[in-house]
Amino acid sequence: MRHTISVLVNNKFGVLSNVSGLFSGRGFNIESISVGMTLDSSVSQMTIVTRGDDQIIEQITKQLNKLIDVIKVVDLVEVDHIEREMVLIKVAPKQEHKAEVLRLTEIFRGRVVDSSQKTYTIEVTGDEKKIEALINLLKPIGIKEFVRTGKVAMAREGTAP
Amino acid sequence: MAKKKLTGAQIILEALKREKVSTVFGYPGGVVLGIFDELYDDKELKLILTRHEQGAVHMADGYARVTGEPGVVLVTSGPGATNTVTGIATAYMDSIPMVVLTGQVPTVLIGNDAFQEADIVGITRPCTKYNYLVKDVKDLAPTIKEAFHIARTGRPGPVLVDLPKDVTAAACDFDWPEKIDIPSYRPKVAGNKQMVRQAAAAVARAKKPLILAGGGVVASGAYAELLELATILNAPVTTTLMALGAFPASNPLYLGMPGMHGTYCANMAIQNSDLLLGVGVRFEDRVTGKTNTFAPHAQIVQIDIDPTSIRKNVRVDIPVVGDIKHVLKDMNGVLKSELKHKWDAVQQAWLKQIRQWNESHPLTYDYDDEVIKPQYVVEKLYEISKGNAIITTEVGQNQMWAAQFYRYEKPRRWLSSGGLGTMGYGFPAAIGAQMAAPDALVVDIAGDGSIQMNIQELATAVINKLPVKVAILNNQYLGMVRQWQELFFEERYAHTFLDSHMIPDFVKVAEAYGAVGLRATKPSEVVPVIKEAFRLKKPVFMDFICDWKEKVYPMVPAGASIDQMLLQEPKKTKARRLKAVK
């Protein structure tokens, strides 16, 4: 099963390497990871999406907790939470499909952030399903490339453990 | 009070003294010259100059296992640092406290592929408990304080501190933090009261309880608590390789070691118990064999300070996270005051069954008048030392025979690379042990293969007048691998023959280094050789030319259930039983 794990860490060099090394050293896979500073600049927040059975997820959370620089680990599967991801999609539509691209962008509440003679670059934010739905709709029209940020997630107020 | 301004090198020495370090094992080189220069005149810190950095780390490890205090290593950058990796990984796998100080190229050169540069922090990340690159001389004192704190506390382990040359040359005020608090690192010492109660209640209900003690008992110093628990319950105890000596071998409740080369009795007891109490044990594959048939009838209770050790390899019904000494104290309290059972009566049948297993299949070997059996050598080492030696081992058959045929009454007298299985560990570890316990008899039980992996440290032993004894069970082969080839590879002895009866001549090697070399080729020569070696106040190599065909039994084939043991081969001569020394 897929889990989104929120990890609060000391903002020091080498910490990301410690965390990713923990996964690679034990053969666990990271589907996505995003890192950024928090209100306290000495602390960073990581959001890791990984997959595994209960025993593997238990090991992952315990091993993360064991790292000296890890302050707190929350498996968000256990709590009500919000997830968001951003994607930049560069589409190269044929002339007759250009309007369709703009229409889809509007439906998905995205924005065109760059355009050239042959391409539009679209920015869209949402949960994973929304982003995947848009990508699937744009694929037949002609995606040149896309970049996803990976998930960021946060527990809803009142449900945090 | 005005503070003294010290250089980085002086800060390091001062910090080591504040941490009550008296011995450093090391090897100099370019970027650490400043630190060695300070050490040169120092009256309090003794540097043991080794012949290889790996030797230095194993010595610090041996020192740590005997004293319980972190061993300290100081080496240079690049190759000096990378040579420490095997030793660090060995200590990490066995949870041995250690602080390794490595030199590094000046900060401006880091990342430039400078001469003798290696990213040792990156290299050792997966095999240290924590590591640091110190970038500012002001961070030096607090970093060293933290390094010792992390190495010692919780589940102990090696910590590496990488020291760029300019940082050790710079100067600043010496500011020693008296206390360390790392908010993200606060190991849980006391066990959850409710879990302790639950564990005690489960133990109290058991009809066939068994205590499985591991290295955590040694790390925590919980010997008295373990003995008390076993005595209250009148329950049998088996100890893993890492915990030999944590429970007295002569105690009637002791079953020996379980696992791949464990006793028949210990393995049968695990497989038939209705409650298995794992104490500071991580249920490694060499102990459990096939995990899904491990202890099939038992409720498993596991006590460990490291939550990741719980439920990692086997199912656990009742976990208790905490320091063994604390948890066992609490548990013994509950058992004594609240759960008063007549344990003796309950367990008579179980103990009787265990006695039968023990008597039907004791550890034995076939004595021979013509050729030296390696087990006979270990047995005689035990008898002649009266069980009082500190034993170190290499890895392979020598290690298993040393575990089976020497009996350990006290903790911290058995030093063996259990987790990583590092050949070449035992000899330098013995030197470190002798530094820690100058008056003790220290014996490395070695194989002819393993001893050659760090044989250069003979110079360190001779020059520092450390009279360690090395008993080489010389069977000319990488014996354990040969045993597997005999049993599982149709006797095709691919690349395991070392020809070490002649190459090298261990007696001459010893003599070349200024040590003493003795050789026994017949069983009748074994006792005189051991007695002579123990009498001499010098390092001695004892070369015992042993039966090359001898195998370690019992043996659980890899992947089998631990009750599927290969026992002794058909008996040809009179079997000798292991006798305890009175």
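Residues numbered from 1 in each chain as written. Chains lettered and ligands numbered in written order. Predicted model: local features only at pLDDT ≥ 70, side-chain atom pairs only at ≥ 80, totals over all residues. Heavy atoms only, no water.

## With respect to the environment of leucine 339 of chain B
All names here are of chain B.
Then comes step 1: Structurally, leucine 339 is set in the loop between helix 14 (324-337) and helix 15 (343-346).
Then comes step 2: Sequence separation between leucine 339 and valine 203 is 136 residues, and the spatial gap between their C-alpha atoms is 9.9 Å.
Then comes step 3: Each residue touching leucine 339, except ones within four places of it in the same chain, is listed here: Ala200, Ala201, Ala204 and Val334. (Helix = DSSP H or I, 4+ residues; strand = E, 2+ residues; numbered from the N terminus. Contact = heavy atoms within 4.5 Å.)

## A few points about the sheet that holds strand 2 (residues 23-26) of chain B
Residue and element names in this part refer to chain B.
Then comes step 1: The sheet built from 6 strands is open, its strands ordered 3-2-4-5-7-6 with parallel pairing. The open sheet has two edge strands with one neighbour each: strand 3 (46-49) and strand 6 (130-133). The average undirected angle you get between the axes of adjacent strands in this sheet is 20°.
Then comes step 2: In the sheet, strand 2 pairs with strand 4 (residues 71-75) via 2 bridges, with the strands oriented parallel. Opposite phenylalanine 25, over in strand 4, you have valine 73 as the bridge partner.
Then comes step 3: Relative to the sheet, helix 7 (residues 137-152) contacts strand 4, strand 5 (98-104), strand 6 and strand 7 (158-164), its axis offset from that of strand 7 by approximately 165°. (Pairing = 2+ DSSP bridges. Axes fitted to C-alpha atoms, helices over the stretch in contact; angles between N-to-C directions.)

## A look at the nonpolar core
Here is a general trend for soluble globular proteins: nonpolar side chains tend to be buried in one another's company.
All names here are of chain B.
Then comes step 1: Counting residues in hydrophobic clusters, the biggest one holds 81 residues, and the most contacted among them are Leu277, Met331, Met542 and Phe544.
Then comes step 2: Once you skip the residues sitting within four places of it in the chain, methionine 331 turns out to touch Val196, Ala199, Ala200, Val203, Leu229, Leu277 and Ile303.
Then comes step 3: Residues Met59, Ala60, Tyr425 and Ile455 belong to the second largest nonpolar core, which totals 48 residues. (Core = buried A, V, L, I, M, F, W, Y, C linked by side-chain atoms within 4.5 Å. Buried < 20%, exposed > 50% of the residue type's maximum accessible area, 1.4 Å probe, protein only.)

## Thoughts on the interface of chain B and chain A
Size of an interface: often given as the accessible area lost when the parts come together.
Then comes step 1: Tallying the contact residues gives 16 residues for chain B and 17 residues for chain A.
Then comes step 2: Buried surface at the junction of chain B and chain A, both sides included, amounts to about 1,400 Å², of which 49% is carbon and sulfur.
Then comes step 3: The largest share of the area that chain B buries against chain A comes from Arg125, Tyr130 and Ser184 of chain B, three residues that together contribute 40% of it.
Then comes step 4: For the salt bridge of aspartate 306 of chain B with lysine 66 of chain A, the shortest nitrogen-to-oxygen distance reads 2.7 Å.
Then comes step 5: Counting across the interface, chain B meets chain A through 14 residue pairs in polar contact (both at pLDDT 80 or more).
Then comes step 6: Here the residues of the side of chain B that touches chain A are counted per class, giving 7 nonpolar, 2 polar and 7 charged. (Buried area = accessible area lost by both parts, 1.4 Å probe. Salt bridge = Lys/Arg side-chain N within 4 Å of Asp/Glu carboxyl O. Polar contact = N/O pair within 3.5 Å; in protein donor to acceptor, adjacent residues only side chain to side chain. Nonpolar A, V, L, I, M, F, W, Y, C, P; charged D, E, K, R; others polar.)

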